[in-house]
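For reference, the chains in residue letters:
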Amino acid sequence: MTQAERDRLVALKKAKKKLITQKQAADEIGVTERQVRRLLRKLRRKGDQAVIHELRGRASNRKLPAELEERAITILSDPVYRGFGPTLASEYLHKLHKITVSKETLRQWMVTAGLWKAGQVRVVEVHQWRPRRSRCGELVQWDTSTHDWLEGRGETIYLISMIDDATSRLFARFVRHDTSEENMRLLWTYLERFGRPLAFYTDKAGMFQVAVKSKRQEQREGRDRPQMPPTQIARALGELNTVWIPPHSPQAKGRVERQFSTAQDRLVKGLRVAGAHTIEDANAYLEREYLPWWNQTLAVQPADPADAHRALGKEHDLAAILSHVEQRQVSNDYTVRYDAKVYQIDRRDVRTGMRKAWVRVEERLDGTIAVRFQESYVRVRRCAPPLHGVVSPEAMESKPPRPTSKPKSKSRWMENFSVRRGR
């Protein structure tokens, strides 16, 4: 019996003994006088149990059957669902096993079965969030996560993500190596699908910014650091007229970091249930299941419905922009050296002023080489390397044959010569 029920019983007994009126008892209990008269009749029949609700101790008419609880717990006890929380487990039970149960009911079942431990949420330091941009495409956060995505079932892979700051719309791919080439391939796909954003927000990794080494004495004197050439991705963003913004703290790009935190929980478990063992399996699940779920569930509407993405124009040749670009000088024989190889410019494309001029050499993502002089491309072919140490047959025939045996007899012209006598 609760304290409220005890207080109600005391008021009813006072009314029964005529110590207070039924109206006073009703005001004290918080019910009507008619309800007080019902409770007094019930008090005469059942005694003190009159103030206890009759449904106490009885199962609810809406209680799920025990067989359903046992089936759900049996499914979640499988190792493939190891570490699933009540919310994620409820979604997978409904989607894969046709068991519909609320996350709070499932939480109680999992706690009772020992599959989930209810813990107290710790209060952590709160950072002031930067407000979202108003339009989609104004700012896109771009980063890579290193994690055991396949949990040892396959090769090491990396997740490159691009998340829009205004809407939290996510675009991502798994890659084998976190290199400039792989990031350029993802950027290519993003540009073709959405267009050119106004700015990208990335960390200060080596593929985005060249690290400058300076001596301590120069730092103490406050000297300006020398201007370093841009990286290949920074150059490509400049040619796309897209601003690159570096953060100065991990919290500044918290949107993409929180996305990785969610992915390292939900995405890893989803790949486990899907049985992904290769990067192809992982990307198929990412494209088919995870990205649609994220963009439908966690994406938000921007403050301004206008799209800030800009369309690609004819001047934006992505194959040329998203490539490894270097400057090379044309030799007197109209050849260009690049990556320890020699390329001959086609005679039909030779022009005045090309000797000793600088050309742009593009090593594209498909492995081909393109050379641009001024505003047009020239045709080149790779020259065959010289064969060192190989003698032609003509040279071999012109040489006299070497002797195959020693002389028959040794010369005797020093036979009677003496060094001491000098003769």
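Residues numbered from 1 in each chain as written. Predicted model: local features only at pLDDT ≥ 70, side-chain atom pairs only at ≥ 80, totals over all residues. Heavy atoms only, no water.

Caption draft 1: Structural view of the overall build of the protein. Check the secondary structure of the protein and you find 13 helices and 12 strands. Looking at the protein as a whole, 34% of its 423 residues qualify as buried. A separation of at least 24 residues holds for 67% of the contacts in the protein among residues at least 6 apart in sequence. (Helix = DSSP H or I, 4+ residues; strand = E, 2+ residues; numbered from the N terminus. Buried < 20%, exposed > 50% of the residue type's maximum accessible area, 1.4 Å probe, protein only. Contact = heavy atoms within 4.5 Å.)

Caption draft 2: Layout of the packing of helix α10 (residues 254–274) against helix α11 (residues 279–297). Remark: α10 packs on α11, axes separated minimally by 11 Å, with the N-to-C direction vectors making an angle of 125°. The angle between the axes of α10 and α11 places the two elements in the oblique class. Note that α10 runs across α11; the crossing there is right-handed. Residues Q259, T262, A263, R266, L267, G270, L271 and A274 of α10 form the contact with α11, whose participating residues are A282, Y285, L286, Y290, W293 and W294. Per-class residue counts for the contact of α10 with α11 are 10 nonpolar, three polar and one charged. (Axes fitted to C-alpha atoms, helices over the stretch in contact; angles between N-to-C directions. Parallel < 35°, antiparallel > 145°, perpendicular 65-115°, else oblique. Left-handed = near helix turned anticlockwise from the far one by under 90°. Nonpolar A, V, L, I, M, F, W, Y, C, P; charged D, E, K, R; others polar.)

Caption draft 3: Quick peek at the sheet that holds strand β4 (residues 199–201). Strand order in the open sheet formed by five strands is β3-β2-β1-β4-β5, and the pairing between neighbours is mixed. Because the sheet does not close on itself, it has two edges, and the strands there are β3 (170–175) and β5 (243–245). Here the average twist between neighbouring strands, direction ignored, is 20°. Of the strand pairs in this sheet, β4 and β5 are connected by three bridges, and their pairing is parallel. (Pairing = 2+ DSSP bridges.)

Caption draft 4: Layout of the environment of E375. Assignment of secondary structure puts E375 in the loop between β10 (369–373) and β11 (376–378). Residues E375 and R360, 15 residues apart in the sequence, show an inter-C-alpha distance of 9.9 Å.

Caption draft 5: Inspection of a positive patch on the surface at higher detail. Together, K16, K17, K18, R34, R37, R38, R41, R44 and R45 give the surface a local cluster of positive charge. Among the structural elements, K16 can be located in helix α1 (residues 3–16). (Patch = residues over 30% accessible without salt bridge, like charges linked within 9 Å, V, L, I, M, F, W, Y side chains within 5 Å. Areas by Shrake-Rupley, 256 points an atom, 1.4 Å probe, with all protein chains shown as cover. Salt bridge = Lys/Arg side-chain N within 4 Å of Asp/Glu carboxyl O. Lys, Arg positive; Asp, Glu negative; His and termini not counted. Charge placed at Lys NZ, Arg CZ, Asp CG, Glu CD.)

Caption draft 6: Region of interest: α1. Under the 1.5 Å per step criterion, the end-to-end length of α1 is 20 Å for 14 residues, consistent within 8% with the ideal 20 Å. Lining the buried residues of α1 we find α2 (22–29) and α3 (33–46). (Expected span 1.5 Å × (residues − 1).)

Caption draft 7: View of the side chain of T242. Mapped onto the fold, T242 is located in the loop between α9 (232–239) and β5. A polar atom in the side chain of T242 sits 3.4 Å from the side chain of R310. (Polar contact = N/O pair within 3.5 Å; in protein donor to acceptor, adjacent residues only side chain to side chain.)

Caption draft 8: Focus on the packing of aromatic side chains. Evaluated as defined, the whole model comprises 13 aromatic pairs. The interplanar angle of 40° and the centroid separation of 5.7 Å between the aromatic rings of Y290 and W293 together place this pair among those described as tilted. Highlighted residues: Y290 and W293, both in helix α11, separated by three residues, approximately one helical turn. What makes Y290 buried here is its relative accessible area of 4%. (Phe/Tyr/Trp six-rings, centres within 6.5 Å; stacked < 30°, edge-to-face > 60°.)

Caption draft 9: Molecular detail of the packing of helix α4 (residues 66–76) against helix α6 (residues 103–113). Between α4 and α6, whose axes approach to 11 Å, the crossing angle comes to 65°. By the angle between their axes, α4 is roughly perpendicular relative to α6. For the pair α4 and α6, the crossing hand works out as right-handed. Judged by residue contacts, L68, E69, A72, I73 and L76 of α4 engage L106, W109, M110 and A113 from α6.

Caption draft 10: Representation of unusual backbone geometry within the structure. We note that K98 has phi near 60°; this positive angle belongs to a residue other than glycine. Inspection of the secondary structure puts K98 in the loop between α5 (86–96) and α6. In this structure, S168 takes a positive phi of about 65° despite not being glycine. Within the secondary structure layout, S168 lies in the loop between β2 (158–164) and β3. Residue S168 is classed as buried on the basis of its relative accessible area of 5%.

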